[in-house]
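Descriptive structure summary
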Amino acid sequence: MKSTNKNTYVGQLANQSRKIWVFLKYFNSVRLEYLQLVFIDDEPLNGQKKRTQVIREIFGAFKPSLVIETGTFLANTTRYFAELLSVVNPAGKVTTVELNDLFHNVSVGKLSKYDNVECVHASSNAFFGSAKLDRRAHTVFYLDAHWNDYLPLRDELKEIVSFGESIVIIDDFKVETDVSGFGYDDYGNVIGRLDLDHISDLLDEFRIFFPTYSAEEDGGNRRGVVFLSKGDAAFQVLKRCSELSEFTQGAT
Ligand SMILES: C[S@@+](CC[C@H](N)C(=O)[O-])C[C@H]1O[C@@H](n2cnc3c(N)ncnc32)[C@H](O)[C@@H]1O
């Protein structure tokens, strides 16, 4: 059996060296993971062309002063929002919220050159509960915090109801009117699925809009989406959007 005598000078040195080596190995693997993620430069909004066009139109007409994204991931969409907002409302701010340590840290680095962006490291429900937000501002919400056992969408909407004029965009959502094959997130009966059933009791104050374009026209990852308006100004913006159509429950 191989052993090191910790009581001798050589034994102590060997023991220390092993600890340093284990630490460096861990540090390097973490750093490598970090660097790999920093250099991923994907398109915003899942690379979906029509969605990007609609969101550009919404920002131009609504001129939000606050954009809140839940689920930063690698900040690809956050960067797009920051650039778009600096054009339509230079005084506006983007706040993006991420639960995962590594994704948050990578995003802080990627977003450091944008002075209109704040990165928050939290679960989105905790963020809404604690952040001091101007609930009267024209606000665009991009709700994209999923992947884990807890789906925060319902808790997010319960907070958003207390905001004034707002447009809520939920990614990976089932397009009820779709026959073209948009995908959506389904985490089963216990966690839930991103569809109208999951949130129907929370929608009294919102008008619902779905895309009129097809998954093929949209391209990219072809993920479904829903657009909600709260307040008259927000409703007028979505109503005038040529690529969206209002959905009323019971209609197909
Ligand atoms: C689909 S990705 C977001 C993609 C990003 N919005 C984009 O367009 O590139 C989902 C992200 O939500 C994060 N997430 C999951 N649950 C969360 C929660 N409760 N609060 C905040 N972020 C969460 C995940 O760690 C992951 O980074």
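Quick caveat, the model's predicted, so the values are computed rather than measured. (Residues numbered from 1 in each chain as written. Predicted model: local features only at pLDDT ≥ 70, side-chain atom pairs only at ≥ 80, totals over all residues.)

Attention shifts here to the overall build of the chain. Counting secondary structure elements, the chain contains 10 helices and eight strands. Along the first, second and third principal axes, the C-alpha atoms of the chain reach 80 × 40 × 35 Å. The proportion of buried residues among the 252 residues of the chain is 37%. A fraction of 75% describes how many contacts in the chain between residues 6 or more apart in sequence connect residues 24 or more apart. (Helix = DSSP H or I, 4+ residues; strand = E, 2+ residues; numbered from the N terminus. Buried ≥ 20, exposed ≤ 12 C-beta atoms within 10 Å, placed from the backbone. Contact = placed C-beta atoms within 7 Å.)

Turning our eyes to something else, we now look at the environment of Y187. Along the polypeptide, Y187 turns up in the loop between β5 (166-171) and α7 (188-191). Expressed as a C-alpha distance, the spacing of Y187 and Q236, which sit 49 residues apart in the sequence, is 33 Å. When near neighbours in sequence (up to four residues on either side) are disregarded, Y187 contacts L151, G192 and R193.

Below, the discussion takes up the sheet that holds strand β8 (residues 244-247). Reading across from one edge, β3-β2-β1-β4-β5-β7-β6-β8 is the order of the eight strands in this open sheet, with mixed pairing throughout. Where the open sheet ends on each side, the last strands, each with one partner, are β3 (117-121) and β8. Recorded for the sheet is a direction-independent mean angle of 20° between the axes of neighbouring strands. As paired strands, strand β4 (residues 139-143) and β5 are joined by five bridges and run parallel to one another. When the bridges of β5 are listed, L143 appears paired with I170. Along the sheet face, helix α10 (residues 232-239) touches β5, β6 (207-211), β7 (225-230) and β8 and points at about 140° away from the line of β7. (Pairing = 2+ DSSP bridges. Axes fitted to C-alpha atoms, helices over the stretch in contact; angles between N-to-C directions.)

Quick look at unusual backbone geometry now. With the exception of glycine, most residues fall at negative phi, and the peptide bonds are largely trans. The phi dihedral of L45 is positive, around 50°, even though this residue is not glycine. Here L45 is to be found in the loop between α1 (9-38) and α2 (49-62). Take L45: there are 25 C-beta atoms within 10 Å of it, and that puts it in the buried class. Despite not being glycine, R222 has its phi angle at roughly 55°, a positive value. Secondary-structure assignment places R222 in the loop between α9 (215-218) and β7. Looking at R222, the number of C-beta atoms within 10 Å reads 18, which means it is partly exposed.

As a structural note, the neighbourhood of the ligand is formed by 20 residues, with G71, F73, T77, D144 and A145 the closest of them. Looking at the shell around the ligand, the elements with two or more residues in it are β1 (66-70), α3 (76-88) and β2 (93-98). (Near = placed C-beta within 6 Å.)

A few words now on the pairing of β7. For β7, a buried count of six out of six residues is recorded, marking the element as mostly surrounded by other parts of the structure. Side chains of β7 alternate between two faces, with V225, F227 and S229 and V226, L228 and K230 buried alike. Here β5 runs beside β7; their pairing, made up of six bridges, is antiparallel. Following the sheet pairing, I167 is matched in β7 by S229. Note that β6 and β7 share three bridges and pair antiparallel. Within the sheet, the bridge partner assigned to F209 lies in β7 and is F227.

Our next topic: the domain arrangement of the chain. Quoted interface sizes are often the accessible area lost when the parts come together. Segmentation of the chain into domains returns domain 1 (1-39) and domain 2 (45-247). If you average the C-alpha positions of domain 1 and of domain 2, the two centres end up 43 Å apart. Counting residues at the interface gives four residues for domain 1, matched by six residues for domain 2. Looking at the side of domain 1 that touches domain 2 residue by residue, the classes come out as three nonpolar, no polar and one charged. (Domains from an automatic or database assignment. Nonpolar A, V, L, I, M, F, W, Y, C, P; charged D, E, K, R; others polar.)

Our next topic: the nonpolar core. Grouped together as the largest cluster of nonpolar side chains are 53 residues, with contacts concentrated most on I167, I169, I170 and F227. The element that contributes the greatest number of residues to this core is α2, accounting for five residues. The residues touching F227, leaving out its near neighbours within four places in the chain, are I167, I169, F209, L238 and L244. (Core = buried A, V, L, I, M, F, W, Y, C linked by C-beta atoms within 7 Å.)

Attention now goes to the environment of D178. Along the polypeptide, D178 turns up in the loop between β5 and α7. Of the residues examined, D178 has 15 C-beta atoms within 10 Å and is grouped as partly exposed. Residues D178 and E159 lie 19 residues apart in sequence; the distance between their C-alpha atoms is 29 Å.

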